[in-house]
Amino acid sequence: MNADLLARFHGVIPAGGVGTRLWPLSRASAPKFLHDLTGSGSTLIRATYDRLVPLAGERIMVVTGRAHRGAVVSQLPELCDEDLVLEPEPRDSAAAIGLAAAILYRRDPSIIMGSFAADQVIEPVEVFQAALSEAIHTAATGKIVTIGIHPTHPSTGFGYIQTGDPLQVPNAPSARGVVQFVEKPDEDTARKYLASGGFLWNAGMFVAPVSLMLEHLEANEPALHAGLMKIADAWETDQREAVMREVWADLPKTAIDYAVAEPAAAAGDVAVIPGVFNWDDVGDFAAIGRLNKASADQGIINLGGESVRVYADSATGVVYSDRPRVVALVGIEDVVVVDTADALLVTTKEHAQKVKQTVEQLKADGATEVL
Ligand SMILES: Nc1nc2c(ncn2[C@@H]2O[C@H](COP(=O)(O)OP(=O)(O)O[C@H]3O[C@H](CO)[C@@H](O)[C@H](O)[C@@H]3O)[C@@H](O)[C@H]2O)c(=O)[nH]1
């Protein structure tokens, strides 16, 4: 890639999702991106950062909750103060990604940003980086570029991208236009999309000129855009905190997929690079089984590290404890045991998706201290 284009590229990592289906391991005080869920030795946010370094160098901004400052700084000691954006409270992905766009725009309106969720598992990284390189070249032609994943089932938890004709972009041979972007369709619609063969899942990655992101944000969410620009104007002054406090709590709460991706696709401004790497959003404990293949061969995946000793006869499954423990499992298949100081979860991989309902029940019961 030519050096000028590469120098315009900045990574952005919005790190805010709690990962409800991974409760009680993942929770508001220690969300999924702060855990090593693959046995790689890296937390998900560290691995996300490292994947971007070959293209972005240290031009990487993290947007996260104020409460995670300490954990994020210890995971990413190279992050400088200007590149660590701390939110007083979560206001969804349009505010998080939009604020990064606004701050970068004020630094240099020609910046191309790439926003990447902090809590995904991707391999091989070189294949991802080749797709990202194509995305940067395509974004430079004036597009918001998504990365598309071949869908395997009619999930209602992802965005769907209807691919259009190939685009003739130098250095981006797989770039295609996008006919429409549909965020989280209902199950019938998702089935139709899957059967048609013309749709990809949105991987939650957006590579775009900051100016184009902000143009669409202004057209679709003017109040959000105005508030974010106000914060960005104060970002490199001593008014940063005061303006953040004044503006943040009133910003509209919406996802970037509704605020930008859907309307921008309708306007013909979205492109897609089909990703041919393995991609997993680690949505539940069953995913952890898939992602820890090496230890899964022994039947039990121990996420607790060396201080947790698991004794299992024929049992299989996933075990986590946040303290030294002996965990004995006898004759159970695909069990999930998650042991923390204030909450114990016992389920099976088959029912792993339903953990979300349990969390909703706990919320409704006011048991927020364990969430
Ligand atoms: N800082 C910050 N980040 C946030 C916030 N809300 C969400 N995020 C971050 O924004 C990204 C996406 O947000 P989610 O809310 O987790 O989105 P999703 O339901 O998983 O859907 C998105 O990702 C799917 C792929 O995993 C996509 O298929 C879908 O279209 C969409 O882009 C994640 O990195 C998440 O941490 C927030 O309030 N603050």
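Being a predicted model, the structure only gives us computed values, none of them experimental. (Residues numbered from 1 in each chain as written. Predicted model: local features only at pLDDT ≥ 70, side-chain atom pairs only at ≥ 80, totals over all residues. Heavy atoms only, no water.)

A. Main features of the UniProt feature "domain: MannoseP isomerase/GMP-like beta-helix" (unreviewed entry) in the protein chain. In this structure's numbering, the residues bearing the UniProt feature "domain: MannoseP isomerase/GMP-like beta-helix" (unreviewed entry) are residues 310-362. As annotated, residues 310-362 has a helix share of 15% and a strand share of 43%, and its two end C-alpha atoms lie 29 Å apart. (UniProt positions renumbered as here; feature names shortened; annotations may be inferred. Helix = DSSP H or I, 4+ residues; strand = E, 2+ residues; numbered from the N terminus.)

B. The arrangement of the site of the ligand in detail. Not every one of the 25 residues close to the ligand is listed here, only the nearest: Pro-14, Glu-183, Lys-184, Asn-202 and Asp-257. Here Glu-87 contributes a side-chain N or O atom positioned 3.0 Å from a nitrogen atom of the ligand. Between the ligand and Gly-159 there is a distance of 2.9 Å, counted from an oxygen atom to a backbone nitrogen or oxygen. For the ligand, whose free accessible area comes to 720 Å², the fraction covered by protein is 85%. The set of elements that each furnish at least two residues to the shell around the ligand consists of β1 (9-15), β2 (60-65), α4 (92-107) and β9 (199-209). Split by residue class, the shell around the ligand holds 10 nonpolar, eight polar and seven charged. (Near = heavy atom within 4 Å. Polar contact = N/O pair within 3.5 Å; in protein donor to acceptor, adjacent residues only side chain to side chain. Areas by Shrake-Rupley, 256 points an atom, 1.4 Å probe, with all protein chains shown as cover. Nonpolar A, V, L, I, M, F, W, Y, C, P; charged D, E, K, R; others polar.)

C. Layout of the side chain of Ser-26. You can see Ser-26 is positioned in the loop between β1 and α2 (44-56). Classification of Ser-26 as buried rests on a relative accessible area of 2%. Here Ser-26 is in contact with Val-18, Gly-19, Pro-31, Lys-32 and His-35, once residues within four sequence places are set aside. (Buried < 20%, exposed > 50% of the residue type's maximum accessible area, 1.4 Å probe, protein only. Contact = heavy atoms within 4.5 Å.)

D. Region of the structure containing the packing of aromatic side chains. What the rule picks out here adds up to seven aromatic pairs. Between Phe-128 and Phe-277, the aromatic rings sit 5.7 Å apart at their centres with planes inclined by 75°, giving edge-to-face as the arrangement. One end of the pair, Phe-128, is in helix α5 (residues 125-139); the other, Phe-277, is in the loop between β10 (270-274) and β11 (278-280), and 149 residues separate them in sequence. Across this residue pair, the class does not change: Phe-128 and Phe-277 are buried. Aromatic ring contacts, followed pair by pair, group Phe-116, Phe-128 and Phe-277 into a single cluster. Stacked on the ring of Phe-128, the Lys or Arg Arg-51 has its end atom at 5.8 Å from the ring centre. Directly above the ring of Trp-235 sits Arg-240, whose terminal nitrogen or CZ lies 4.0 Å from the centroid. (Phe/Tyr/Trp six-rings, centres within 6.5 Å; stacked < 30°, edge-to-face > 60°. Lys NZ or Arg CZ within 6 Å of the ring centre and 35° of its normal.)

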